[in-house]
Each structure stands twice: as structure tokens, then as C-alpha cells.
Amino acid sequence: TWLALASPSAAWTMFSMIVLTESGLDHIKKHQYKAGKYTPLDNFLNPYWLSLAEALPRWVAPNLVTLVGFLPLVITYGL
């Protein structure tokens, strides 16, 4: 229960657990990102996406772009 987790001994046990093994840590150190392949739709829409991205000012945060794109969906659903 919650009270059992609130005791100091339970907290010490919780923080002293080993989450990753040595081989897991080694695997994370050696990991290299590999991007996925482009689909035909990506190839078709890339010029459109690039022109839209270049039209935005640099000071506009990417999260704001996502929010502005999400608002019409929310408004349409609310209607």
C-alpha cells in the first residue's frame, strides 16, 4: 500500500535496486541511431513540408506549431 512505500526502509530498497545490468549499460553506450526509410508519401510531401518549415520564423517553437495544428482538430470535434 501507499503507507508501506512511504517508510524510509521501503524508499531505500526502491532506490538501491539495479535497473540496468552492465551489459545493458554497455549496449546503451554503443547505440547508434539509424533513421527509417522514406516512404513514397514522404518523398511526395517533402517539398511541401520544407517550404512550410522555411516560411515559419525561427523564433516560433516547434511545440507551438504542433499546438496550432492540433487546435482545428479540437475545435472541429467540439462543434
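Residues numbered from 1 in each chain as written. Predicted model: local features only at pLDDT ≥ 70, side-chain atom pairs only at ≥ 80, totals over all residues. Heavy atoms only, no water.

Undergrad: I'd like a description of the overall build of the protein chain, backed by residues and values.
TA: When helices and strands are tallied, the protein chain shows five helices and zero strands. From first element to last, N terminus to C terminus, the protein chain shows the α and β order α-α-α-α-α. By the burial criterion, 3% of the 79 residues in the protein chain qualify as buried. Summed over its atoms, the accessible surface of the protein chain is roughly 8,100 Å², and 70% of this surface lies on carbon and sulfur atoms. (Helix = DSSP H or I, 4+ residues; strand = E, 2+ residues; numbered from the N terminus. Buried < 20%, exposed > 50% of the residue type's maximum accessible area, 1.4 Å probe, protein only. Areas by Shrake-Rupley, 256 points an atom, 1.4 Å probe, with all protein chains shown as cover.)

Undergrad: If you had to explain a nonpolar patch on the surface to someone new, which residues and values would you point to?
TA: A cluster of nonpolar side chains, contributed by Leu-64, Leu-67, Val-68, Phe-70, Leu-71, Leu-73, Val-74, Ile-75 and Leu-79, occupies part of the molecular surface with about 900 Å² of accessible area. By secondary structure assignment, the location of Leu-67 is in helix H5 (residues 62–78). (Patch = residues over 30% accessible without salt bridge, like charges linked within 9 Å, V, L, I, M, F, W, Y side chains within 5 Å. Salt bridge = Lys/Arg side-chain N within 4 Å of Asp/Glu carboxyl O.)

Undergrad: A description of helix H4 (residues 40–55) should follow, citing residues and the corresponding values.
TA: Between the first and last C-alpha of H4 there are 24 Å, a value that for 16 residues agrees with the 22 Å anticipated at 1.5 Å per step. The buried fraction of H4 is low, at one of 16 residues. (Expected span 1.5 Å × (residues − 1).)

Undergrad: Outline the pattern of salt bridges, supporting the account with residue identities and numerical values.
TA: Once the charged atoms of two side chains with opposite charge are near each other, the side chains can pair. All told, the structure shown has one salt bridge when counted by the stated rule. Between Asp-26 and Lys-30 there is a salt bridge, with its nearest N and O atoms 3.3 Å apart. A residue pair is termed a helical-turn pair when its members lie 3 or 4 positions apart in one helix, as Asp-26 and Lys-30 do in helix H3 (residues 22–30) at four residues.

Undergrad: An account of the environment of Leu-20 is needed here, citing residue identities and associated values.
TA: Structurally, the position occupied by Leu-20 is in the loop between helix H2 (8–15) and H3. On the basis of relative accessibility, which here comes to 40%, the residue Leu-20 falls in the partly exposed class.

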